Each structure stands twice: as structure tokens, then as C-alpha cells.
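Chains, contacts and geometry: an overview
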Amino acid sequence: MNNTLEKTTLERDAKDIWKVCLGIIKENVPFITYNTWFLPIKPFEIENNTLKIYVPNNFFIEWIEEHYNTLINKTITQVLGSEGKLAYVILDEKEDSASPIHAESTAVTASANINVVAPPKPKDFESYLNPRYTFENFIKGEGNQLARAAAVAVGDNPGQTSFNPLFVYGGVGLGKTHLIHAIGNRILEKDPAKRVIYLSSDVFTVEFVEAIQNDRVNEFSGFYKSMDVLIIDDIQFLIGKEKTQDLFFQIFNILHQSAKQIILSSDKAPKDLKGLNERLISRFSWGLSADIQPPDFETRIAILKNKSSSYGISLSNDILEYIAYNITSNIRELEGCLIKLLANSSLNSKEIDFDLVKRTVKEVSTNKQVNISIDFITKIVCEYFKVEENKVREKNRRKEVVLARQVAMYLSKHLTKSSLKTIGLHFGGRDHSTVIHAQSSIEQMIKEDTIMEETVLSLKNKIELGAA
Ligand code: ADP
Ligand code: MG
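Residues numbered from 1 in each chain as written. Chains lettered and ligands numbered in written order. Predicted model: local features only at pLDDT ≥ 70, side-chain atom pairs only at ≥ 80, totals over all residues. Heavy atoms only, no water.

1. Looking at helix 16 (residues 399-415)
Rule in force here: For the purposes of this entry, the term helix denotes a DSSP run of H or I that reaches at least four residues, the term strand denotes a run of E that reaches at least two, and both are numbered from the N terminus. Here the expected length of a helix is defined as 1.5 Å per residue gap, with one fewer gap than residues. The cut-offs for exposure are 20% and 50% of the maximum accessible area for each residue type, with area from a 1.4 Å probe on protein chains only; residues under the lower value are buried, those over the upper are exposed, and the others partly exposed.
The first and last C-alpha atoms of helix 16 sit 24 Å apart over 17 residues, in line with the 24 Å expected at 1.5 Å per residue. Burial of helix 16 is extensive: 13 of the 17 residues sit out of reach of the surface.

As C-alpha cells, then:
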């Protein structure tokens, strides 16, 4: 009873405080930006000077932090004092109300100057599943029919089908990551007690290396062996990492023997993963390998319609068809195009007209879309600055090391779709605010110094060429 009372006061306070913040923000950003990005945010509660707010998804957080980090920080300091902090709580999209009752099912993430506040967790670890990726919002099409059907079957009966492992492969931006998250989300929806974990194979590698350094390999492998469902994305990044492959092989065997579900994704079919240990390749073909092909025209239209309405924009059929005709290879590009349209129109307070659409399509479709790993970026950058790769992952503060580290972080943000958190993890487990800081430092340098600008540009080209 007491608890409820307390909670209500906390909510009310949060509402009042957020209202004041909104007032300040409104005066400092264009109207459309305010409407698009700030109005959908709902206050949740205030706790020890930390204001927690609900945002619809991760994309919101990254967008706001990239464009309005300074404003947000200033506003929070102004309203809550210098100790004031802000935390984002991601709303599960399936819950359409922002009621704090659902707080348990949300993930919490943090803004630049804040401590992360963890939501109450029933388990002792985080699943790293993005609630945004569900079967419900995964559009069916010819190109993904088999993979989707198999994914649903596994989601409904993990470990009980012959699809173990389920191996989903295909080109960049075609929905592999979305689909394998959706499986995990479905499994937890049916049974929240299931131990489900998602990670990409390069995070697995980084954690493994850390475990070796800290003499905790047993603990590390024990943790993954304790899972009911292990989901590993972009398994191709294990190529060339013999030790990691060996350990993964052990974990795979233990899980498979006890009918635990394994779900993998890759940019190529198992047999084409040259450089991956043969015994792993043969294990991968024990279950089902399903590919995802680029979407056909109808599917592209369906995806565009669905996504634009979820971003709250409505586009004419002409515009939808124009985009679908011109962006053909990749769903991420379709989505990128919509996001760019939305961002451009809201930043410049402009309507979405055909002119803007044409320009945006051109921008998006000339963007190279290749699978670039953070490790590869680090390698090229370190070669250029003549810095040893492990130095940028350590706590080294030498000037040239700091610069190489910041440039590598900056390029990782621009050339991969890794989250700030993942990027931080790759550079010796640094916090995501460090990555934001690196980004703004490099942006500043590029503005002020043409040599720096050229250096970064040529590194970018080199990386894109090397990865292509
Ligand atoms: P991949 O892992 O294959 O590179 P992603 O899963 O990251 O691709 O997909 C890129 C983007 O496109 C994601 O935002 C995802 O939600 C979206 N997407 C991909 N396929 C579909 C689909 N069939 N329906 C809806 N959205 C999709
Ligand atoms: Mg992916």
C-alpha cells in the first residue's frame, strides 16, 4: 500500500519535472523536431535526482544523443541541479500505454552523464534482446519465407524442432538480426524464465579475450553453457579466431546435447565460411540453414508502408513507389531512407516533398553497404597512426593512442551499425559516453583542420574498399 503511494508521488513529481524540461527544450529546437522527438517521450519516475523517461525505442535515444546531447544535459542541470541525471527506459512496443506497471518488461539505458539504473530483473543476466524486433513487425515476403517460418517454429518450440541449430544467412540489411531477435523475444514472451541470450560473435570474442586476461575462462564458458537458448549474430566474425572457435565448439556441443536451442546468423552459407573450422561448419549443417534473399518490389512497398506509419509519417503512393524502385537491395537502406527523410524534414522544418525524396534516395543509395567489423576498422586506423592495436584497448593516454582510439570509435559509429555500447565494449570496455565524446572531438577536429578531414576521409575509403 505504502509502496503504491510512494510510487504515485514519484510519478507525479516526474511529470512536473519533465513538463518544465519540455518547456525549455521547446524554446531551443524547431517545432517539428519538438513534436517528432520530444513530445512522444513520457516521464516515468524520479529517483535520487535521476529522472527516468520512457522512449519508444533505441533509435530515439541515439538520435537525441547525437543531435541534442548538450541541450538535454543543460536542461537537466538547470531543472535538477548539477547532480541531476537522466535515464531512458525503452518502452516495449507491444505495450501501447506508458504505464509504469510495465516497468519490469523494459530495458533501461542511460544518457551521457548518467549512471545506468537497472530495472528489476528476474534473472541474473541481461538477454540483450531488442524488444523492437518482433515477428509481428517482420514483413513476410518471398525472399524471407523459409527463414521466417523456421524462426517462428523455433520461437514456439525452442530445442524441440529439428532446426537445431537454426542458421540464418544472407546479405547485409536483409533482416537476419531482426529475425533472430524476434525468436528470442517470442521465447521469453511464452516463458520469461527461459535463459535466453543474444550477442554478436565479435562481442563473444571480446568477452572471451577479457576472460582469458582475467583468468576467468571457466566462468565465461559456464555462463554460456547455462543457457536454454543461445543466439549468436554474424558468426562469420569468428573466422581467423581459432581459440574462440574452439571454445565456441565446446559450448555448442554441450548445449546441443542437452537439446538447448542454438540460433546463428551469418553473411554466407555454412559451407562458404572459408577459414572457419571444418568441424564447426559440419555442426552448423546439422539443423536447418535458411537464407534470406533481397525483397521484391511488393515486399519493399509493404515494408515502406509499415515503417513510415510506425514513424508517424504518411507518404503518397508516388513517393513510396519511387523509393521502392530506386532502393532495391537492402531493407536497412529502405529504413535508412525513411529515417533520413524524417530527420531532414524535422531538422529543417520542411514538408516531405518529391525533391527531398529524390535527394535522400540518392544519398542513401550511393552509400556503400558492406559488412565492416570494428576490429577491421581498428586495424586500419592503428596501421595508419602506427599504434599497436592492443594499446587502443588499454588505458593508454598517450596522445597518438588517444587520437587513434577516437578516430576508430568515430569510424565505427559511421561505418557499422553497432550501438555506442558495443563500440565502447570493443575499446577496452569503455562507457558509451566515451564514444559520444570521441565522436564530437573528431567532428570538431574535422571542422577545424583540413588535414584531419582528409585523413579521416581517406581512412574511411580505405576501410570501405578493404571490406568490400
Ligand atoms: P541484417 O542483420 O540482415 O543485416 P537487420 O536485421 O539489421 O539486417 O535489418 C535491417 C533493418 O531492416 C532492421 O531495422 C530491420 O528491422 C529491418 N527489416 C529487415 N527485414 C525486415 C522485414 N522483413 N520486415 C520489417 N523490417 C525489416
Ligand atoms: Mg545483422
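2. Points about the nonpolar core
For clarity, the threshold we go by: Throughout this description, the term nonpolar core refers to a set of buried Ala, Val, Leu, Ile, Met, Phe, Trp, Tyr and Cys residues connected via side-chain atoms within 4.5 Å. Domain start and stop points were drawn from an automatic or database domain assignment. We call two residues in contact when some of their heavy atoms are within 4.5 Å.
Ranked by size, the top nonpolar core spans 51 residues in total, and within it Trp18, Phe38, Leu51, Ile64, Tyr88 and Ile323 carry the most contacts. The dominant element in this core, judged by the number of residues it contributes, is helix 3 (residues 58-80), at nine residues. Split by domain, this core shows at least three residues from each of two domains, domain 1 (2-117) and domain 3 (297-364). Residues within four places of Trp18 in sequence aside, it is in contact with Ile25, Phe38, Ile41, Pro43, Leu51 and Ile53. Counting residues in each nonpolar core, the second largest holds 29 residues, with Val387, Leu411, Leu420 and Ile446 among its members.

3. Digging into the site of ligand 1
Applied cut-off: Summary of the distance rule: residues count as near a molecule or strand when at least one heavy atom falls within 4 Å of that molecule or strand. All accessibility values rest on the Shrake-Rupley procedure with a 1.4 Å probe; residue burial counts only the protein chains present in the view. Under this grouping Gly is polar, as are all residues other than the nonpolar Ala, Val, Leu, Ile, Met, Phe, Trp, Tyr, Cys and Pro and the charged Asp, Glu, Lys and Arg.
By nearness alone, 18 residues border ligand 1, and Ile139, Gly173, His178, Arg332 and Glu335 come closest of all. For ligand 1, whose free accessible area comes to 550 Å², the fraction covered by protein is 97%. Secondary structure elements with two or more residues in the shell around ligand 1: helix 5 (176-190) and helix 12 (331-347). Of the residues in the shell around ligand 1, the class split is six nonpolar, seven polar and five charged.

4. Some points on the pattern of salt bridges
Heads up, the rule is: For this document, the term salt bridge refers to a Lys or Arg side-chain nitrogen within 4 Å of an Asp or Glu carboxyl oxygen.
Scanning the entire structure with this criterion turns up 19 salt bridges. Among the ionic pairs, Lys190 bridges to Asp156, the shortest N-O distance being 3.1 Å. Residue Lys190 is found in helix 5, and its partner Asp156 is found in helix 4 (residues 145-156); the two are separated by 34 residues along the sequence. Residue Glu219 pairs with Arg216 through a salt bridge whose shortest N-O separation is 3.2 Å.

5. Notes on the packing of aromatic side chains
Applicable threshold: Planes of paired rings set the category: under 30 degrees apart is stacked, over 60 is edge-to-face and the rest tilted, where pairs are Phe, Tyr or Trp rings (Trp by its six-membered ring) whose centres lie within 6.5 Å. Geometrically, a charge over a ring is one whose NZ (Lys) or CZ (Arg) sits within 6 Å of the ring centre while staying within 35 degrees of the ring normal.
Scanning the model with the defined rule gives 18 aromatic pairs in all. Judged by centre distance (5.5 Å) and plane angle (65°), the ring pair of Phe204 and Tyr224 falls under edge-to-face. Taken together, the positions of Phe204 in helix 6 (residues 201-213) and Tyr224 in helix 7 (residues 217-225) put the pair 20 residues apart, joining distant regions of the chain. Phe204 sits in the buried class, given a relative accessible area of 1%. Ring geometry for Phe252 against Phe284: centres 6.2 Å apart, planes inclined by 50°, an arrangement best described as tilted. Highlighted residues: Phe252 in helix 8 (residues 242-257) and Phe284 in helix 9 (residues 278-284), separated in sequence by 32 residues. According to the relative accessible area criterion, Phe252 is buried, its value standing at 1%. What makes Phe284 buried here is its relative accessible area of 0%. Through pairs of rings, three or more aromatic residues link up here, namely Phe125, Phe167, Tyr169, Phe204, Phe208, Phe220, Phe223, Tyr224, Phe248, Phe252, Phe284 and Trp286. Across the ring face of Phe249, the terminal group of Arg279 is positioned such that the distance to the ring centre comes to 3.9 Å.

6. Focus: unusual backbone geometry
The omega angle of the peptide bond from Asn164 to Pro165 is 5°, so this bond is cis rather than trans. Position of Pro165 relative to the elements: it lies in the loop between helix 4 and strand 5 (166-170). Despite not being glycine, Asn48 has its phi angle at roughly 45°, a positive value. Positionally, Asn48 belongs in the loop between strand 1 (42-47) and strand 2 (50-55). Notably, Asp234 is not glycine yet its phi reads approximately 50°, a positive angle. Its location among the elements puts Asp234 in the loop between strand 7 (229-233) and helix 8. Look at Asp234 and you get buried, because its relative accessible area is 15%.

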